[in-house]
Amino acid sequence: EDQVTQSPEALRLQEGESSSLNCSYTVSGLRGLFWYRQDPGKGPEFLFTLYSAGEEKEKERLKATLTKKESFLHITAPKPEDSATYLCAVQLRGDSWGKLQFGAGTQVVVTP
Amino acid sequence: GAGVSQTPSNKVTEKGKYVELRCDPISGHTALYWYRQSLGQGPEFLIYFQGTGAADDSGLPNDRFFAVRPEGSVSTLKIQRTERGDSAVYLCASSTRPGQGAHEQYFGPGTRLTVT
């Protein structure tokens, strides 16, 4: 059975304290792995797509990496505005229609 | 440009009533998805439209749920005989045609449905 697991469930950081979020996946075949940011009361906001092991993408203080079994979202020197829930999702190679299968998310709180 | 819009933003209804939730995708996006998100969980897939047809409805929980997209743009998710367990945030997303590559999906703000 295809599974996406995120850890930790919640993370509390001091401003400037770098950390990493984990997304481990067990799937029959990966077409792409996606990271989204979700603020309270809003829909998920697209951040990155990763396609193959070894790939890295960066955006401001965020950097996403991918291996054959997991993805990491590194937050460097976070600021309070980085507080959000971060979701990862997979698209499967055998799925022609591209639906996303999400993990439960990691809730990040960055305090000043 | 305009993103995905959803109306209403909040809907409170009584158990047993019928509700309709509307999604207006990004202009030009032929693929449209509905997801449901419960508190503390990631979104779960409900149904996918390519154009006017529902290509994959494997995520609909039962036959009380139905969705249409008659002109290939706006979609409506319809829930009959609502139950308290239907309470959740219903999210709509759109994308360019999936094709062979992985295509990101862009989400609307969601409709929070509360069944009392």
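Residues numbered from 1 in each chain as written. Chains lettered and ligands numbered in written order. Predicted model: local features only at pLDDT ≥ 70, side-chain atom pairs only at ≥ 80, totals over all residues. Heavy atoms only, no water.

Undergrad: Would you mind going over the overall build of chain B with me for this structure?
TA: In terms of helices and strands, chain B carries zero helices and 11 strands. Reading chain B from its N terminus to its C terminus gives the helix and strand order β-β-β-β-β-β-β-β-β-β-β. By the compact-globule yardstick of 13 Å for 116 residues, chain B fits well, its C-alpha radius of gyration being 14 Å. Its C-alpha atoms give chain B principal-axis dimensions of roughly 40 × 25 × 25 Å. For chain B, the residues scored as buried account for 46% of the 116 residues in total. Sequence separation of 24 or more characterises 54% of the internal contacts of chain B that already satisfy a separation of 6 or more. Approximately 5,600 Å² of chain B is accessible, and the part contributed by carbon and sulfur atoms is 47%. For chain B, the distance from the average site of its 12 positive side-chain charges to the average site of its 11 negative ones is 6 Å. (Helix = DSSP H or I, 4+ residues; strand = E, 2+ residues; numbered from the N terminus. Rg over C-alpha atoms; globule rule 2.2 N^0.38 Å. Buried < 20%, exposed > 50% of the residue type's maximum accessible area, 1.4 Å probe, protein only. Contact = heavy atoms within 4.5 Å. Areas by Shrake-Rupley, 256 points an atom, 1.4 Å probe, with all protein chains shown as cover. Lys, Arg positive; Asp, Glu negative; His and termini not counted. Charge placed at Lys NZ, Arg CZ, Asp CG, Glu CD.)

Undergrad: Would you mind showing me how to read the nonpolar core here?
TA: Across soluble globular proteins, you tend to see nonpolar side chains buried next to one another. The biggest cluster of nonpolar side chains holds 24 residues, and the ones touching the most others in it are Leu33(A), Trp35(A), Leu73(A), Tyr86(A) and Val108(A). Contributions of two or more residues to this core are made by β2 (10-14), β3 (19-26), β4 (30-38), β5 (45-50), β7 (62-66), β8 (70-75), β9 (84-92) and β11 (106-111) of chain A. The leading source of residues in this core is β9(A), at five residues. Discounting residues that sit within four places of it in the chain, Leu73(A) has contacts with Ser19(A), Ser20(A), Leu21(A), Trp35(A), Phe48(A), Leu62(A), Lys63(A), Ala64(A) and Tyr86(A). Core analysis: the second largest hydrophobic core is formed by 20 residues, Leu21(B), Leu46(B), Leu77(B) and Cys92(B) among them. (Core = buried A, V, L, I, M, F, W, Y, C linked by side-chain atoms within 4.5 Å.)

Undergrad: Just checking my understanding: could you explain the state of the cysteines for this structure?
TA: Here, disulfide denotes a covalent bond that connects the sulfur atoms of two cysteines. Counted under the stated rule, the structure contains two disulfides over all chains. Note that Cys23(A) is cross-linked by a disulfide to Cys88(A), the S-S spacing being 1.9 Å. Disulfide Cys23(A) to Cys88(A): torsion about the S-S bond roughly 70°, handedness right-handed. Taken together, the residues span a long stretch of sequence, with Cys23(A) in strand β3 and Cys88(A) in strand β9 at a distance of 65 residues. Here Cys23(A) and Cys88(A) have matching classes, each one buried. The partner cysteine of Cys23(B) in its disulfide is Cys92(B), sulfur to sulfur 1.8 Å. Since a negative S-S torsion denotes a left-handed disulfide, the Cys23(B)-Cys92(B) link at about -65° is left-handed. A residue pair is termed long-range when its members are at least 10 positions apart, and Cys23(B) in strand β3 (residues 19-24) and Cys92(B) in strand β9 (residues 88-95) qualify at 69 residues. (Disulfide = S-S within 2.5 Å.)

Undergrad: Any chance you could explain the pattern of salt bridges here in plain terms?
TA: Opposite charge on two side chains lets them pair, provided their charged atoms get close. Here the structure, examined in full by the defined rule, presents eight salt bridges over all chains. The residue Glu56(A) makes a salt bridge to Lys63(A) at a minimum N-O spacing of 3.4 Å. Using a relative accessible area of 48% as the deciding quantity, one classes Glu56(A) as partly exposed. For Arg64(B), the salt bridge identified is with Asp86(B), shortest N-O distance 2.8 Å. Of this pair, Arg64(B) sits in the loop between β6 (53-56) and β7 (65-68) while Asp86(B) sits in the loop between β8 (75-79) and β9, placing them 22 residues apart in sequence. Judged by relative accessible area, Arg64(B) falls into the buried class, the value being 6%. A relative accessible area of 4% means that Asp86(B) is categorised as buried. Look at the salt bridges and you will find they share partners, linking Asp95(A), Lys99(A) and Asp56(B) into a network. (Salt bridge = Lys/Arg side-chain N within 4 Å of Asp/Glu carboxyl O.)

Undergrad: Looking at this structure, I do not really get the sheet that holds β3(A). What am I missing?
TA: The pairing of strands in a sheet comes from backbone hydrogen bonds and takes either a parallel or an antiparallel form. All names here are of chain A. The strand order across the open sheet built from five strands is β1-β3-β8-β7-β6, with neighbouring strands paired in antiparallel fashion. Of all the strands in the sheet, the pair left with one neighbour each is β1 (3-7) and β6 (56-59). Mean inter-strand twist for the sheet, computed between neighbouring axes without regard to direction, equals 15°. In the sheet, β1 pairs with β3 via five bridges, with the strands oriented antiparallel. Its bridge partner being in β3, Thr5 is matched across the sheet by Ser24. (Pairing = 2+ DSSP bridges. Axes fitted to C-alpha atoms, helices over the stretch in contact; angles between N-to-C directions.)

Coordinates in, geometry out; function isn't part of it.
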